[in-house]
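Spelled out, the chains give:
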Amino acid sequence: SAVISQKPSRDICQRGTSLTIQCQVDSQVTMMFWYRQQPGQSLTLIATANQGSEATYESGFVIDKFPISRPNLTFSTLTVSNMSPEDSSIYLCSVEMQGTYEQYFGPGTRLTVT
Amino acid sequence: QQQVKQSPQSLIVQKGGIPIINCAYENTAFDYFPWYQQFPGKGPALLIAIRPDVSEKKEGRFTISFNKSAKQFSLHIMDSQPGDSATYFCAANYNQGGKLIFGQGTELSVKP
């Protein structure tokens, strides 16, 4: 498995501002993902964070709203831009261990937009 | 076709009981089926997973049963304990490096 940390763990932000969430893994991994979990709901993939290239976004998610960086094999950031109350969710990063299908999740960032 | 349907939405059992959570899928390309356990305020934790070449897998008190022809799989928790009270998610995937498709989740409560 892998040890995954996220910063911040929670934040309360004002409408129209942006927040950058960091995800750090304790080992090099090939695949990193960002998911959103709305209150009381299941998880939905936002994008796959590709090292050295642009992220791959799922339908309904766009780069202008959720820019992602992945400068190396252990770190990624997700920015939630121009926030609205509808962006209030838990944002989770996950990693897939090389050579397996196993995905492990970070503790999540709980975002509230007022 | 990309959906994974999970039931029930919530489940209450007595300590020692065997809660069963069911999932169904349509996409026959799925070939990896994990279960995650999530406690309030925490990220999902990988509990157990199965590939479609086996019909059952056990890890401790947790068992996955898999029915390939029916395109269904289920999680059984033996001798359930109050500490098992959490939300459980099934998921499916069809290639390494691919996204997990999650079920809707089941909120389990184990009463003392």
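Engineer: What's the story with the state of the cysteines in this structure? I'm lost.
Structural biologist: Each disulfide consists of one covalent bond between the sulfur atoms belonging to two cysteines. Tallied over the full model, the rule gives two disulfides over all chains. Each sulfur in the disulfide pair A:Cys23 and A:Cys93 lies 1.9 Å from the other. Between A:Cys23 and A:Cys93, the disulfide has an S-S torsion of 65° and is therefore right-handed. Pair noted here: A:Cys23 is in strand S3 (residues 19–25) and A:Cys93 is in strand S9 (residues 89–96), with a separation of 70 residues, a long-range link. On the basis of relative accessibility, which here comes to 1%, the residue A:Cys93 falls in the buried class. For B:Cys23, the disulfide goes to B:Cys90, at an S-S distance of 1.9 Å. Disulfide B:Cys23-B:Cys90: the torsion about the S-S bond is -100°, which places it as left-handed.

Engineer: Please explain the interface of chain B and chain A as it appears in this structure.
Structural biologist: Many descriptions give the size of an interface as the accessible area lost when the pieces come together. The partner chain A presents 21 residues to the 22 residues of chain B that form the contact. Approximately 1,700 Å² of surface area, both sides summed, lies buried where chain B meets chain A, with 56% of it carried by carbon and sulfur atoms. Linking chain B with chain A are one salt bridge, by the criterion used here. The shortest N-O distance in the salt bridge between B:Lys99 and A:Glu58 comes to 2.7 Å. Our count for the contact surface shared by chain B and chain A stands at six residue pairs in polar contact (both at pLDDT 80 or more). Classifying every residue of the side of chain B that touches chain A by side-chain character gives eight nonpolar, ten polar and four charged.

Engineer: Where do I start with the sheet that holds strand S1 (residues 4–7) of chain A in this structure?
Structural biologist: Sheets are built from strands that pair by backbone hydrogen bonding, the pairs being arranged parallel or antiparallel. Residue and element names in this part refer to chain A. Read across the open sheet, the four strands follow the order S1-S3-S8-S7; overall the sheet is antiparallel. Of all the strands in the sheet, the pair left with one neighbour each is S1 and strand S7 (68–72). Across this sheet, the average inter-strand angle for adjacent strands is 15°, counted without regard to direction. Pairing geometry for S1 and S3, over four bridges, is antiparallel. Across the sheet, Ile-4 pairs through a bridge with Val-25, a residue of S3.

Engineer: Help me out: how do you make sense of the packing of aromatic side chains in this one?
Structural biologist: What characterises a pair of aromatic rings is the spacing of the ring centres plus the angle enclosed by the ring planes. Counted by the stated rule, this structure contains 18 aromatic pairs over all chains. When the centroid spacing of 6.0 Å and the interplanar angle of 70° are considered together, the rings of A:Phe105 and B:Phe102 count as edge-to-face. Taken as a pair, A:Phe105 in strand S10 (residues 103–105) and B:Phe102 in strand S10 (residues 101–102) lie in two separate chains rather than in one. On the basis of an interplanar angle of 50° and a centroid distance of 5.7 Å, the ring pair of B:Tyr36 and B:Phe102 is categorised as tilted. Residue B:Tyr36 is found in strand S4 (residues 33–38), and its partner B:Phe102 is found in strand S10; the two are separated by 66 residues along the sequence. Judged by relative accessible area, B:Tyr36 falls into the buried class, the value being 0%. Classification of B:Phe102 by relative accessible area gives buried; the value is 8%. Through a chain of ring-to-ring contacts, three or more aromatic side chains come together here, namely A:Phe33, A:Tyr35, A:Phe105, B:Tyr36, B:Phe89 and B:Phe102. Positioned over the ring face of A:Tyr101 is B:Arg51, at 4.5 Å from the centre of the ring.

Engineer: Would you mind going over unusual backbone geometry with me for this structure?
Structural biologist: Glycine aside, residues mostly have negative phi angles, and peptide bonds mostly take the trans form. With an omega of -10°, the peptide bond between A:Lys7 and A:Pro8 qualifies as cis. For A:Pro8, the position within the fold is in the loop between S1 and strand S2 (10–13). With an omega of -5°, the peptide bond between B:Ser7 and B:Pro8 qualifies as cis. Relative to the elements of secondary structure, B:Pro8 occurs in the loop between strand S1 (4–7) and strand S2 (10–14). Of note in the backbone geometry, B:Lys71 takes a positive phi value of approximately 55° without being a glycine. Tracing the backbone shows B:Lys71 in the loop between strand S7 (62–67) and strand S8 (72–77).

Cut-offs used in this document
- Residues numbered from 1 in each chain as written.
- Chains lettered and ligands numbered in written order.
- Predicted model: local features only at pLDDT ≥ 70, side-chain atom pairs only at ≥ 80, totals over all residues.
- Heavy atoms only, no water.
- Disulfide = S-S within 2.5 Å.
- Helix = DSSP H or I, 4+ residues; strand = E, 2+ residues; numbered from the N terminus.
- Buried < 20%, exposed > 50% of the residue type's maximum accessible area, 1.4 Å probe, protein only.
- Contact = heavy atoms within 4.5 Å.
- Buried area = accessible area lost by both parts, 1.4 Å probe.
- Salt bridge = Lys/Arg side-chain N within 4 Å of Asp/Glu carboxyl O.
- Polar contact = N/O pair within 3.5 Å; in protein donor to acceptor, adjacent residues only side chain to side chain.
- Nonpolar A, V, L, I, M, F, W, Y, C, P; charged D, E, K, R; others polar.
- Pairing = 2+ DSSP bridges.
- Axes fitted to C-alpha atoms, helices over the stretch in contact; angles between N-to-C directions.
- Phe/Tyr/Trp six-rings, centres within 6.5 Å; stacked < 30°, edge-to-face > 60°.
- Lys NZ or Arg CZ within 6 Å of the ring centre and 35° of its normal.

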